[in-house]
Amino acid sequence: MKTQRSFFPLAFIVVVMIMPYFLLKATICVWFYWSCDCNGSHDVTQIVKMLTGWTVKSTHSIYEFILAVLSSCSEGSLYVPLCAIMTWLFHFLLSSRSLFSRRAKESRSVEQRDPGWKLFGKVPPREGPIKDPKKIQKLLPPNKLNTGPGNPTSPRQSVRKNLDFEPLSTTALILEDRPANLPAKPAEEAQKHRQQYEEMVAQAKKRELKDAQKRKKQLEDRCKLEESIGTAAQTWNQEILPNWSTMCTSRRVRDLWWQGIPPSVRGKVWSLAVGNDLNITHELYSICLARAKEKWKTTAAPTAETETEDAGSSDRESSLELIKLDISRTFPQLCIFQQGGPYHDVLHSILGAYTCYRPDVGYVQGMSFIAAVLILNLDTADAFIAFANLLNKPCQMAFFRVDHSLMLTYFAAFEVFFEENLPKLFAHFKTNNLTPDIYLIDWIFTLYSKSLPLDLACRVWDVFCRDGEEFLFRTALGLLRLYQDVLTCMDFIHMAQFLTRLPDLIPAEQLFQHIAAVHMTSRNRKWAQVGRVVFTTFTDGADANVPALATPLFECQC
């Protein structure tokens, strides 16, 4: 009863207020029609529609109304917008609950029928009816109710248990419902797209699983390699090095040598294998280094005394200046031998000391790579001793002293085994006039340290220290055998470019398999015997002053 009694006074007040509003509205509309007609306005329909609307549905339409009224203003009719604004005020106060109220947004349909696609996007949470957890518990089987992270029967944990590597992502394409503002998609097309989506997800899972298995295999191979290196290092340190003189020629040691010397003992093995026939001491290295530093000072500020020195010695020791230019080009990718690098001064010292130790040889381009490899595996003084003894071997001395007759002897001996092992490629090289000096000089001068990756070059050095200079030419034949299919399809220019700049990635195991397949025998003659025969052939028609070839085969110092 209280509610009904309070309703009648309120209804009476509303009726009293609404009646004058409608009367005023009708008067203003007639007045407005006449005013707009007189002024020739073109916005009559729009503004009248705004004035005669029964309700103002949103604040947005109020702003639109004000803009429409203001845009209809013209000279001589200022009373039109004033009356229109007054009408709007009555209209808005009576039809709105609050001055700042907004119309509620129309609710979007929860269920969307047609699927669509969303590429690399986040799927927004879908709106739907709230499900009763009790019903969900009744629908789901008991083994799927508890799937928390701590439950051992979690599906994700079961996947991790079955797969060592779980695919990272399979949602590159996310199936998304088509927006409501687009036309509906036929059911057949939607089903076709869903099948395509499932196929793409399956392919992505398969590809990611394959990549995961590949990474797993690489990790296993790396672990096996590290384990084998650790075992080999222990064997070298505890069994071989303490008994070097008795074990270095054994079959077991030679097999370990072929597999590669562990980096931790590589320097010691190289020093023992190369030997020290020149009897160089650490004190001699210090003397040569001091002389080199003095020479650098005198070269920077020449005096009258230095100008009267022996011409030959001066010419050889002037190569000290060439060292500075060549060091910057030594293993530039490592950035440790260049100016400011940790090994720049060490490399500069060893090369300078050698030029003073052997002024008859001086510095030749390519020596910096050999010295750099030794520096990475030995101490400074020991690296100098190994460097000097290594360059004193017949093959290296022939090349670094640029003895043309001996160099031609080595090239001719190499071609004998080249034709024996790779006859088709040898004929192709002959047809294109590609001689061995084009590619062999760089390989021999740097002992493959410039042409091959550093780790592979060190492994070549391992067997080179065991087998001597024969292995240098055997490695060359192994490289030609590895790339013979590629080389037979090239002309002269491309073959020369390929051999002088080998690929950056060369599989070590494949290369050594091809090296092992090379036979260094020709008509039952070995490398040293073929070298002597070739040298005799060269010296028969040569000048008698040509020096005789010393033992061309570099015997291992075991």
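The structure under discussion appears in the preceding block.
Residues numbered from 1 in each chain as written. Predicted model: local features only at pLDDT ≥ 70, side-chain atom pairs only at ≥ 80, totals over all residues. Heavy atoms only, no water.

Participant: Looking at this structure, how should I read the overall build of the protein?
Facilitator: Scanning the protein for helices and strands turns up 27 helices and two strands. Across the 558 residues of the protein, 38% fall into the buried class. Considering only contacts within the protein whose residues lie at least 6 apart along the sequence, 74% involve residues at least 24 apart. Accessible surface computed for the protein: about 34,800 Å², of which carbon and sulfur atoms make up 57%. (Helix = DSSP H or I, 4+ residues; strand = E, 2+ residues; numbered from the N terminus. Buried < 20%, exposed > 50% of the residue type's maximum accessible area, 1.4 Å probe, protein only. Contact = heavy atoms within 4.5 Å. Areas by Shrake-Rupley, 256 points an atom, 1.4 Å probe, with all protein chains shown as cover.)

Participant: Help me out: how do you make sense of the packing of aromatic side chains in this one?
Facilitator: The way to describe two aromatic rings as a pair is by their centre distance and the angle between their planes. This structure, assessed with the given rule, holds 29 aromatic pairs. For the pair Tyr357 and Phe384, a centre-to-centre distance of 6.2 Å together with 80 degrees between the ring planes defines the contact as edge-to-face. Note that Tyr357 is positioned in helix α15 (residues 344–357) and Phe384 in helix α17 (residues 380–391), a separation of 27 residues in sequence. Residue Tyr357 is classed as partly exposed on the basis of its relative accessible area, which comes to 22%. The ring of Phe512 carries Arg459 above its face, with NZ or CZ at 4.2 Å from the centroid. (Phe/Tyr/Trp six-rings, centres within 6.5 Å; stacked < 30°, edge-to-face > 60°. Lys NZ or Arg CZ within 6 Å of the ring centre and 35° of its normal.)

Participant: Help me understand helix α19 (residues 404–421) in this model?
Facilitator: An α-helix turns once per 3.6 residues; consequently, residues spaced three or four apart project the same way. The terminal C-alpha atoms of α19 lie 26 Å apart, and with 18 residues this matches the ideal 26 Å at 1.5 Å per residue to within 8%. Within the sequence span of α19, burial applies to Leu406, Met407, Thr409, Tyr410, Phe411, Ala412, Ala413, Phe414, Glu415, Phe417, Phe418 and Asn421. (Expected span 1.5 Å × (residues − 1).)

Participant: Help me understand the packing of helix α7 (residues 187–240) against helix α10 (residues 263–274), please; the structure alone is not making it clear to me.
Facilitator: The axes of two packed helices give the description: the angle between them and the distance between them. Where α7 meets α10, the closest approach of the two axes is 9 Å, and the angle between their N-to-C directions is 35 degrees. The way α7 lies across α10 gives a crossing that is left-handed. Contacts between α7 and α10 involve Ile229, Ala233, Trp236 and Asn237 from the first element and Pro263, Ser264, Val265, Lys268 and Val269 from the second. Of the residues contributing to the contact of α7 with α10, the split by class is six nonpolar, two polar and one charged. (Axes fitted to C-alpha atoms, helices over the stretch in contact; angles between N-to-C directions. Left-handed = near helix turned anticlockwise from the far one by under 90°. Nonpolar A, V, L, I, M, F, W, Y, C, P; charged D, E, K, R; others polar.)

Participant: What am I meant to see in the side chain of Lys185 here?
Facilitator: For Lys185, the position within the fold is in the loop between β2 (173–177) and α7. Although Lys185 is buried, it makes no salt bridge; Glu189 carries the closest opposite charge, 5.2 Å away. Within polar-contact distance, the side chain of Lys185 engages the side chain of His193 at 3.0 Å. (Lys, Arg positive; Asp, Glu negative; His and termini not counted. Salt bridge = Lys/Arg side-chain N within 4 Å of Asp/Glu carboxyl O. Polar contact = N/O pair within 3.5 Å; in protein donor to acceptor, adjacent residues only side chain to side chain.)

Participant: What is the right way to read the state of the cysteines from this model?
Facilitator: Two cysteines form a disulfide when their sulfur atoms are joined by a covalent bond. Under the counting rule described, the total for this entry stands at zero disulfides. Between Cys356, a cysteine without a disulfide, and Cys288, which holds the nearest cysteine sulfur, the sulfur-to-sulfur distance is 6.8 Å. (Disulfide = S-S within 2.5 Å.)

Participant: I would appreciate a short explanation of the layout of surface pockets in the present structure.
Facilitator: Each pocket or cavity is described by its volume, and for the largest pocket that value is around 860 Å³. Lining the largest pocket are 23 residues, and of these Leu225, Asp455, Arg459, Ala508 and Glu509 lie nearest its centre. For the lining of the largest pocket, the secondary structure elements donating two or more residues are α7, α9 (251–259), α10, α22 (454–467) and α26 (508–517). Considering every element that reaches the lining of the largest pocket, the biggest residue donor is α7, with five residues. Class assignment for the residues of the lining of the largest pocket results in 14 nonpolar, four polar and five charged. Taken as a whole, the second largest pocket spans an internal volume of roughly 550 Å³. Looking at the second largest pocket, it is lined by 22 residues, and the ones nearest its centre are Phe369, Ser449, Lys450, Ser451 and Leu452. Considered class by class, the residues forming the lining of the second largest pocket number nine nonpolar, seven polar and six charged. (1 Å grid on protein atoms, 1.4 Å probe; cavity = no way out; pocket = protein on both sides within 12 Å on 5 of 7 lines; lining within 4 Å. Points joined across faces, edges and corners; volume = space filled by probe spheres on them.)

Participant: Mind showing me how you'd approach the environment of Gly478 here?
Facilitator: Locating Gly478 in the fold gives a position in helix α23 (residues 469–482). The spacing of Gly478 and Gln510 is 32 residues in sequence and 9.5 Å in space, taken between C-alpha atoms.

Participant: Before we go on, may I ask you to explain α15 in this structure?
Facilitator: For α15, spanning 14 residues, the distance from its first C-alpha to its last is 20 Å, which sits close to the expected 20 Å at 1.5 Å a residue. Extensive coverage of α15 is indicated by the burial of eleven of its 14 residues. Taken together, the buried positions of α15 are occupied by His344, Leu347, His348, Ser349, Ile350, Leu351, Gly352, Ala353, Tyr354, Thr355 and Cys356.

Participant: Sorry, what's going on with the environment of Asp442 here?
Facilitator: Mapping Asp442 onto the fold places it in helix α21 (residues 437–445). Through-space distance from the C-alpha of Asp442 to that of Gly366 is 7.9 Å; in sequence the pair is 76 residues apart. Ignoring any residue separated from it by four or fewer positions in sequence, one finds Asp442 in contact with Lys450 and Ser451.

Participant: Help me out: how do you make sense of the packing of α23 against α26 in this one?
Facilitator: It is at 8 Å that the axes of α23 and α26 come closest, and there the two elements cross at 115 degrees. The orientation of α23 relative to α26 falls into the category roughly perpendicular. The interaxial crossing formed by α23 with α26 has right-handed handedness. Residues Phe471, Arg474, Thr475, Gly478, Leu479, Arg481 and Leu482 of α23 pack against Gln510, Leu511, Phe512, His514, Ile515, Ala516 and Ala517 of α26. Tallied by class, residues from the contact of α23 with α26 come to eight nonpolar, four polar and two charged. (Parallel < 35°, antiparallel > 145°, perpendicular 65-115°, else oblique.)

Participant: Hey, could you run me through the side chain of Ser368 in this one?
Facilitator: Along the chain, the position of Ser368 falls in helix α16 (residues 367–377). Excluding anything up to four places from it in sequence, Ser368 contacts Asp326, Thr330, Leu347, Leu351 and Tyr363.

Participant: Got a minute to help me understand a nonpolar patch on the surface in this structure?
Facilitator: Nonpolar side chains collect at one region of the surface, where Leu334, Tyr343 and Leu376 lie side by side and expose about 220 Å² of accessible area between them. For Leu334, the position within the fold is in the loop between α14 (320–327) and α15. Among the residues examined, Leu334 registers a relative accessible area of 33% and is labelled partly exposed. (Patch = residues over 30% accessible without salt bridge, like charges linked within 9 Å, V, L, I, M, F, W, Y side chains within 5 Å.)

Participant: Would you explain unusual backbone geometry in this entry?
Facilitator: For residues that are not glycine, phi is negative in most cases, and the peptide bond is trans in most cases. The phi torsion at Tyr448 lies on the positive side, around 70 degrees, for a residue other than glycine. Inspection of the secondary structure puts Tyr448 in the loop between α21 and α22. Residue classification places Tyr448 among the buried positions, given a relative accessible area of 0%. In the Ramachandran plot, Arg523 falls in the positive-phi region, its phi being about 55 degrees despite a non-glycine side chain. Along the chain, Arg523 falls in the loop between α26 and α27 (527–540). A relative accessible area of 72% means that Arg523 is categorised as exposed.

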